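# Structure assessment
One letter stands for each residue in the lines below.
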Amino acid sequence: MKKYVDDFTVIENQRLNHEYVVLTLKHPDRLPHMMPGQFVEVKVENGPDTFLRRPISIHDIDAENNTMKLLVQEIGEGTRLMGALNEGDKCNLVYPLGNWFSLPDKKDVLLVGGGCGIAPLLFMGRHLKANGIKPRFLLGARSADGLIAIDEFKKLGEVYTTTEDGSEGVKGFVIHHPVMRTQQPDIDWIYTCGPEAMMKVVAKYARNHEIKCQVSLENSMACGFGACLCCVAETLDGNKCTCTDGPVFDSTYLKW
Amino acid sequence: MKKYVDDFTVIENQRLNHEYVVLTLKHPDRLPHMMPGQFVEVKVENGPDTFLRRPISIHDIDAENNTMKLLVQEIGEGTRLMGALNEGDKCNLVYPLGNWFSLPDKKDVLLVGGGCGIAPLLFMGRHLKANGIKPRFLLGARSADGLIAIDEFKKLGEVYTTTEDGSEGVKGFVIHHPVMRTQQPDIDWIYTCGPEAMMKVVAKYARNHEIKCQVSLENSMACGFGACLCCVAETLDGNKCTCTDGPVFDSTYLKW
Amino acid sequence: MVDLNIDLNGLQLKNPVMTASGTFGYGEEFMDFFDIARLGGVLVKGTTLNHREGNPYPRMAETPKGMLNAVGLQNKGVQYFADTIYPRIKDIKTNMLVNVSGSTVDEYVETAKVVNSLENIPGIELNISCPNVKEGGMAFGTSCPSAVAVVTAVRKVYDKHLMVKLSPNVTDIAEIAKAVEDNGADSVSLINTLLGMAINAKTRRPLLSTITGGLSGPAVKPIALRMVWQVAQAVKIPIVGMGGIMNATDAIEFMLAGASAIQVGTANFVDPMVTVKIVEGIEKYCEENGFESASELIGAMEV
Amino acid sequence: MVDLNIDLNGLQLKNPVMTASGTFGYGEEFMDFFDIARLGGVLVKGTTLNHREGNPYPRMAETPKGMLNAVGLQNKGVQYFADTIYPRIKDIKTNMLVNVSGSTVDEYVETAKVVNSLENIPGIELNISCPNVKEGGMAFGTSCPSAVAVVTAVRKVYDKHLMVKLSPNVTDIAEIAKAVEDNGADSVSLINTLLGMAINAKTRRPLLSTITGGLSGPAVKPIALRMVWQVAQAVKIPIVGMGGIMNATDAIEFMLAGASAIQVGTANFVDPMVTVKIVEGIEKYCEENGFESASELIGAMEV
Ligand SMILES: Cc1cc2nc3c(=O)[nH]c(=O)nc-3n(C[C@H](O)[C@H](O)[C@H](O)COP(=O)(O)OP(=O)(O)OC[C@H]3O[C@@H](n4cnc5c(N)ncnc54)[C@H](O)[C@@H]3O)c2cc1C
Ligand SMILES: Cc1cc2nc3c(=O)[nH]c(=O)nc-3n(C[C@H](O)[C@H](O)[C@H](O)COP(=O)(O)OP(=O)(O)OC[C@H]3O[C@@H](n4cnc5c(N)ncnc54)[C@H](O)[C@@H]3O)c2cc1C
Ligand SMILES: Cc1cc2nc3c(=O)[nH]c(=O)nc-3n(C[C@H](O)[C@H](O)[C@H](O)COP(=O)(O)O)c2cc1C
Ligand SMILES: Cc1cc2nc3c(=O)[nH]c(=O)nc-3n(C[C@H](O)[C@H](O)[C@H](O)COP(=O)(O)O)c2cc1C
Ligand code: FES
Ligand code: FES
């Protein structure tokens, strides 16, 4: 897929809570085709301490309006500066990067996300729905206010939630949700993105139940497009770049 | 004079033209006493390429309202970021720094400024006036639109101007103005601040006519308060720090 | 019209801008962004005799105006390069140079031999300065005798342009430059990365799997400039300067200090189109400052 | 209550935070901002046997996240220090240490002798690493024999704490650290500035009167941390770490890498109160992370 470098314009910065924002970015012209699971590399301007770009998943696409949404969790200076972008600001992206989730060959699909890892799942959910598959989502957070953008997900399919403190949904981690506790799960495919510990547990569950599982890694990156070899994950074929061979991998392909 | 580090609040950013702004900064509490010729060291936040503070002269003081004015010429990233400060922004200063112009022992006084070097002359003019001395100003610029803040100077005394292109005042450099061309000048003291080349010419003129002349240097500085020894000027007594022994020097004390 | 051509001791560059090894893949990664044939040269990934997996993740840490990397020369070996990569890149109309590394003198020699047989590769850059491998690598570049040993041995088997990439992790880089010049190097390139380290104070662990890694980016520019200048006083062969170049002004500074050409590394990650912008910027600078050719900039600093 | 005391091989520090020589004047310049007795120690300006005018202006250039300086040890000589400065600072309730430099071994020795007689100066820092003077200075710190020569000679005449400040402009800093340890150093401090250079592309002139100067600030932190870690593997005497420390987190990283104490240099220019903030930050970190004393941080990085 051809890659571009462009200045987008921020047309909305929607603050979800103290640490999450959704940025809506408008392409100067016509947005090229992009797939769920792909990401962009954001140039953070004016950061005294940021130097490299920041990789952020594509959260949603509105092809008609040539806009893209990014869901950003503010964890450091780079993401905080993104969170502080105002309407009208420019935002330079290298995009679209990486591979993407593949469509399932069966119909019972669960998308499991935690933290900012839910970002690509919305786009994937929309893509699944467009392809006649009804996605179900299992979203986990520390507490209720970490469960963000739920309404958007609800528009696409059923949403299960867990919180570590039990303030909403099932108490515990995603793996403690009943949908993942049954001995005969009605799940054919799992797509997951979130903290590595979460994904590993989900992948193990999938393996045990012979469910196909695609995980999206968030390794730290210097370039995002295969030039530096900094972002490798260990796979059955040795070190592979998360930014070009990933970020989406079949969980069984990873040396987890 | 005791030095402080404080967060001031920008209460006004008045743009004079494409490259000059006057910032009005309010002290959180009560402004300490300061003298004309002294400067502040401004911390420039959010500059990807600025690291050290930037020295800026005190342009004016309003002791009643606890505000200080800075006249900033945007020549690089640091000054541009200052020029972009908005009402309500914080601005951290180390202040007041350096020595100051002394009061003259005679009454015919000329203040000669060029570029951002006019900044301290307004404060000095006000100080002179308060001490019963009527200041006259000779201000030079490349062209008319570089002659800034003239109205403020006019409130304090007579203002002569020169422009290199003749678009306002006398055509040429300050030294070409009639007030500096007479064989028997009616000037006892000169205070000057501006480009080094200008100050050297003015100092030479003063020396030739046995006029007392104080110059204010703008050497590059790392600290601004005597800790680094980076800002030295060559004097009759060897290298002296511009930030503590200066910025104001008697022109005859410098090895010019 | 400014003449941007540079004669690098026989190697003809259409302009002084090259890409630094390990930061530009095989060039192909940048084809979407611009036509890489517009550059003076491309240094492909560090290549060794045998396949190397490189170091474990994490391999990267951002530092003030710089980054540390600990890639560790991950590559599929020179034979794979010759068989699979070379056919894909051999017709790109610029100098495609191979960065060669090894753990022993023999490995350097064997690798250079293979590259020597590739018609459209007009030169190699001998990497005697990689800080990210346990054996060899930087060790060769930090003493004169070992640097001389590698260069002499490779010179015997390699006919084309032999550029030697120097390590900045030394007391006296000019001395090493002189030694490799005396033993057959056609040019020297500098600087490779400076050995550095970063720690996560929260977890109290190093940020890199290898603890230490190589520092690059604007942070190192003052050191790199100084070394280029020192080497320029010591050798007659051309110098290819690098270390923190982010824009045309930086590139020009390296040339003023004595570099005949420059390489751009880390900046490619921040702006994949930075190299063409630098070519344009050098041209503009020459125009505005009355230089008819870029080569007039070489060593033009007035002291 | 966290115990911030550090025993630096006999020299008692009330906390690990000191100021770096040449960046804190004689301490007096900071008295308006805070009580400098709150620090673990203060390293006063580089002091030589005779009066030195230092280098011509310009002496400073800002670089990406750092600065170059070329002060060149401007000072009025050790006798002036003893007669005029010492009486003013001798009752400050912290360790006031003198940074001693020279062009010959003899000069170091004579200077150290004078300082030895000053009762309230509990130690010196032997600067064998100043890159900004033509003779001596850094040259002593870039080879083992010359470093050993200075240290041995000064050790003979100096009874109190002898800290030796190492140059980062070397191939193997651990080797030099070991050599000075073996010859009487009570502690080592590192790093001094890295030799660097900056050019103004517009004027095509160097930005410093001396062409090259010493690089300091956050840009050098990864290199400094690596060197502290390497030296920590090599010596038993305590290490005082510095280079780019801007806040408590940076300071803690140096301690985790093996430093017993740290010095803050360039950061004093950006925030004159940074050192007290670092003292407070280290205390807070210890509290939050279950360390009862700051000394537990020394070398606590898990590899
Ligand atoms: C392919 C991909 C897609 C991503 N998608 C999103 C997204 O949609 N939304 C979103 O908010 N974030 C996403 N991230 C994560 C995001 O890139 C990081 O949070 C961001 O780079 C942090 O930058 P910062 O300057 O805010 O924090 P920094 O100051 O750089 O880091 C703050 C802290 O987080 C740690 N950290 C930073 N990045 C990583 C990482 N990649 N892995 C582990 N630890 C890290 C640092 O070590 C440090 O302790 C994605 C990452 C990748 C690789
Ligand atoms: C005591 C003192 C008082 C000052 N008062 C004022 C004032 O009232 N208003 C005002 O606008 N400016 C004043 N200046 C100058 C001001 O400090 C500089 O313009 C500012 O530091 C430039 O910062 P920058 O980041 O915008 O530019 P940079 O990016 O740092 O520099 C841009 C260009 O200007 C050159 N430059 C920067 N500073 C100096 C310098 N001090 N001497 C020579 N060349 C330099 C640089 O080499 C570079 O080429 C004063 C300076 C001093 C020392
Ligand atoms: C991720 C990365 C990988 C690198 N790999 C190599 C390599 O394989 N061979 C080599 O000689 N230099 C390698 N280098 C060093 C660069 O070629 C260059 O010397 C250095 O980064 C300084 O230039 P810069 O500051 O412009 O990046 C690498 C640098 C980086 C950042
Ligand atoms: C302006 C300036 C002057 C310095 N003078 C001295 C000196 O006289 N003696 C010395 O040993 N180090 C001197 N140094 C080096 C510092 O003490 C310190 O080693 C170095 O700056 C690294 O620390 P930093 O990055 O925290 O500044 C000087 C540094 C600066 C910036
Ligand atoms: S981030 Fe550079 S190769 Fe993946
Ligand atoms: S600027 Fe530091 S002493 Fe003057």
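Worth saying up front: this structure is predicted, and the values here are computed from it rather than measured. Note that residues are indexed from 1 along each chain, following the sequence as it is written. Both sets of labels track the order of writing: A upward for chains, 1 upward for ligands. With pLDDT at 70 or above as the cut-off, local features in this predicted model cover only qualifying residues; side-chain atom pairs require 80 or more to be listed or tallied, and sums for whole chains, interfaces and linings still use all residues. Side-chain numbers here rest on the full set of heavy atoms in the structure, without hydrogens or water.

Okay, the UniProt feature "binding site: FMN" (unreviewed entry) in chain C next. All names here are of chain C. Annotation from UniProt places "binding site: FMN" (unreviewed entry) at Ser21, Lys45, Gly46, Asn99, Asn127, Lys165, Ile191, Gly217, Gly243, Gly244, Gly265 and Thr266. Between two residues, a contact is recorded if the distance between any of their heavy atoms is within 4.5 Å. Those residues in contact with Ile191 that sit more than four places away from it in its chain are Lys165, Leu166, Pro168, Ile173, Val220, Ala224, Met227, Met242 and Gly243. Those residues within four positions of Gly265 in sequence are excluded, and the remaining contacts are Ala20 and Thr23. UniProt positions are given in the numbering used here, feature names are shortened, and annotations may be inferred rather than shown by experiment.

Residues and elements named next belong to chain A. The sites that UniProt annotates as "binding site: FAD" (unreviewed entry) are Arg54, Pro55, Ile56, Ser57, Gly78 and Thr79. Elements are defined by DSSP. Helices are runs of H or I of four residues or more, strands are runs of E of two residues or more, and each kind is numbered from the N terminus. You can see Ile56 is positioned in strand β4 (residues 54–57). Throughout this description, buried means an accessible area under 20% of the type-specific maximum (1.4 Å probe, protein chains only), exposed means over 50%, and partly exposed covers the range between. Of the residues examined, Ile56 reaches a relative accessible area of 10% and is grouped as buried. For Ile56, the residues in contact, after removing those within four places along its chain, are Phe39, Val40, Val42, Leu70, Leu71, Val72 and Met82. In this fold, Thr79 is placed in helix α1 (residues 77–83).

Facing 41 residues of chain D, the contacting portion of chain C comprises 41 residues. Counting the surface lost from both chain D and chain C, the interface buries some 3,700 Å², and carbon and sulfur atoms represent 68% of this. What gets called buried area is simply the loss in accessible area from a 1.4 Å probe that two parts show on being joined, summed for both. Of all residues in chain D, Met197, Ile199 and Arg204 of chain D give up the largest surface area on contact with chain C, accounting jointly for 19% of the area buried on that side. The salt bridge criterion pairs a side-chain nitrogen of Lys or Arg with a carboxyl oxygen of Asp or Glu, the two atoms within 4 Å. Between the two partners, chain D and chain C, sit 2 salt bridges. Residue Glu302 of chain D is joined to Arg205 of chain C by a salt bridge in which the shortest nitrogen-to-oxygen separation is 3.4 Å.

Moving on: the domain arrangement of chain A. Residues and elements named next belong to chain A. Domain assignment breaks chain A into domain 1 (4–97) and domain 2 (109–218). For domain 1 and domain 2, the distance between their C-alpha centroids amounts to 23 Å. Roughly 1,300 Å² is buried in total at the junction of domain 1 and domain 2, and carbon and sulfur atoms are behind 67% of that figure. Summed over the three residues of domain 1 that lose the most area to domain 2, namely Pro36, His59 and Asp60, the buried surface amounts to 37% of that side. A salt bridge links Arg126 to Asp60, with the shortest nitrogen-to-oxygen separation between them at 2.7 Å. An automatic or database domain assignment is the source of the domain bounds shown.

Another point: the sheet that holds strand β6 (residues 67–73) of chain A. Residue and element names in this part refer to chain A. Within the open sheet, the 7 strands sit side by side as β4-β3-β7-β1-β2-β6-β5. Their pairing is antiparallel. Of all the strands in the sheet, the pair left with one neighbour each is β4 and β5 (60–62). Averaged over all neighbouring strand pairs, the angle between strand axes comes to 35 degrees, with direction disregarded. Here, strands pair whenever DSSP counts at least two bridges between them. In terms of strand pairing, strand β1 (residues 4–15) meets strand β2 (residues 20–26) through 6 bridges, oriented antiparallel. Along β2, the bridge assignment pairs Gln14 with Val22. Structural elements are reduced to axes, namely lines fitted to C-alpha atoms, with helices fitted over the stretch in contact, and the angle between N-to-C directions of any two is expressed from 0 to 180 degrees.

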